[in-house]
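Below, each chain spelled out in residue letters.
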Amino acid sequence: MRFLWPGRKIPALNMRNTPPSVRGYAVAVVATAAVGALRLALAPALGDVAPVIPFVLPVILAGWVGGFRPAVLATALGALLGTYLFVPPYDSLRVATTAEAVALALFLVCGTGIALVCESLHESRRRLQSQNRRLILEADERESAQQALRRSEARLRESERAFRLAADTAPSMIWSADPQGVITWASERWLRYCGLSPEQNARDWARLVVHPDDHERCVTAWSQALATGCDYEIEVRNRRHDG
């Protein structure tokens, strides 16, 4: 909601962006004042009965919203306001009887216990939120990595498709092999020339294509190139598809 002022806009206060402790302090002050006003209105009917017990409610509310310190503030405010307004002698912070002192002490102890419990709940919630944020960040990182991997794979497939298209249309006969020497791809021009299927070419191209007199020399040079990583260059006779 926004309030219009002549000639300008005044943004409304957004409590959602306010830190929990600040909201807790506000709740402590407002709730204690409200309970004090209600208890004061009921004073003719209640008299001196339970002068500070109603102030437990602001302590619970402040602790639930803001944690330990707002709950302690509500406890202190409740003790001061209850003693000042509803404990004889009135309009004074003095406690006349032992029973009233014990009741006030019990209220302070109870308020402190509520503050500790609420702070424990807040700490558990903070840990859970931190864990959730970490899990979300890890999921985002995994998603980003997967997206980058998919983009890289798509670029690689496109690069391979472009290379094979260029190799199939080139006048030379081209093929490639993995580091173990297994033929992984051969151009259509090579396969048509040899009359082999891709499976035959990958399985035993040297025996099926190379001239028997050149076969041993070809295989020896190919094996040495695979073992050492050196350049492989050899001249052999290859059998065409018509023999």
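Calculation rules
The residue count restarts for each chain, going from 1 along the sequence in the order it is written. Local features in a predicted model are, by the rule used here, given only for residues with pLDDT of at least 70; side-chain atom pairs are given and counted only at 80 or more, and totals for whole chains, interfaces and linings are based on all residues. Only heavy atoms go into the side-chain values, all of them from the structure, while hydrogens and water stay out. Helix and strand definitions here come from DSSP, where helices need a minimum of 4 consecutive H or I residues and strands a minimum of 2 consecutive E residues; each element is numbered from the N-terminal end. For each residue, the accessible area found with a 1.4 Å probe, counting protein chains only, is set against the maximum for its type, and the residue is called buried under 20%, exposed over 50%, and partly exposed in between. Residues adjacent in sequence count toward polar contacts only when both atoms are side-chain atoms; beyond that, a polar contact is any pair of N or O atoms within 3.5 Å, and within protein one must be able to donate a hydrogen and the other to accept it. Here a residue-residue contact requires only that any non-hydrogen atoms of the pair lie within 4.5 Å. Axis lines are fitted to C-alpha atoms, over the contacting stretch for helices. Their N-to-C directions set the angle, which ranges from 0 to 180 degrees. Between 65 and 115 degrees an angle is taken as roughly perpendicular, under 35 as roughly parallel, over 145 as roughly antiparallel, and anywhere else as oblique. Working rule for handedness: look at the near helix, and if it is turned counterclockwise from the far one by less than a right angle, call the crossing left-handed; if clockwise, right-handed. Each residue is assigned to one of three groups, with Ala, Val, Leu, Ile, Met, Phe, Trp, Tyr, Cys and Pro labelled nonpolar, Asp, Glu, Lys and Arg labelled charged, and all others, Gly among them, labelled polar.

(A) Seen up close, the side chain of His122. Inspection of the secondary structure puts His122 in helix H5 (residues 98-169). Taking relative accessible area as the criterion, His122 reaches 5% and is therefore assigned buried. A distance of 3.0 Å separates a polar atom in the side chain of His122 from the backbone oxygen of Gly63. Within polar-contact distance, the side chain of His122 engages the backbone nitrogen of Gly67 at 3.4 Å. Excluding its chain neighbours within four sequence positions, the residues that come into contact with His122 are Gly63, Trp64, Val65, Gly66 and Gly67.

(B) Structural view of the packing of helix H1 (residues 20-41) against helix H3 (residues 56-66). Running from amino to carboxyl end, H1 crosses H3 at an angle of 165 degrees, the nearest separation of the two axes being 8 Å. Overall, the two elements H1 and H3 adopt an arrangement that is roughly antiparallel. Crossing hand, H1 versus H3: right-handed. Here Pro20, Ser21, Arg23, Gly24, Val27, Ala28, Ala31, Thr32 and Val35 of H1 come into contact with H3, specifically with Pro58, Leu61, Ala62, Val65 and Gly66. Partitioned by chemical class, the residues of the contact of H1 with H3 number 9 nonpolar, 4 polar and 1 charged.

What is shown is where atoms sit, not what they do.
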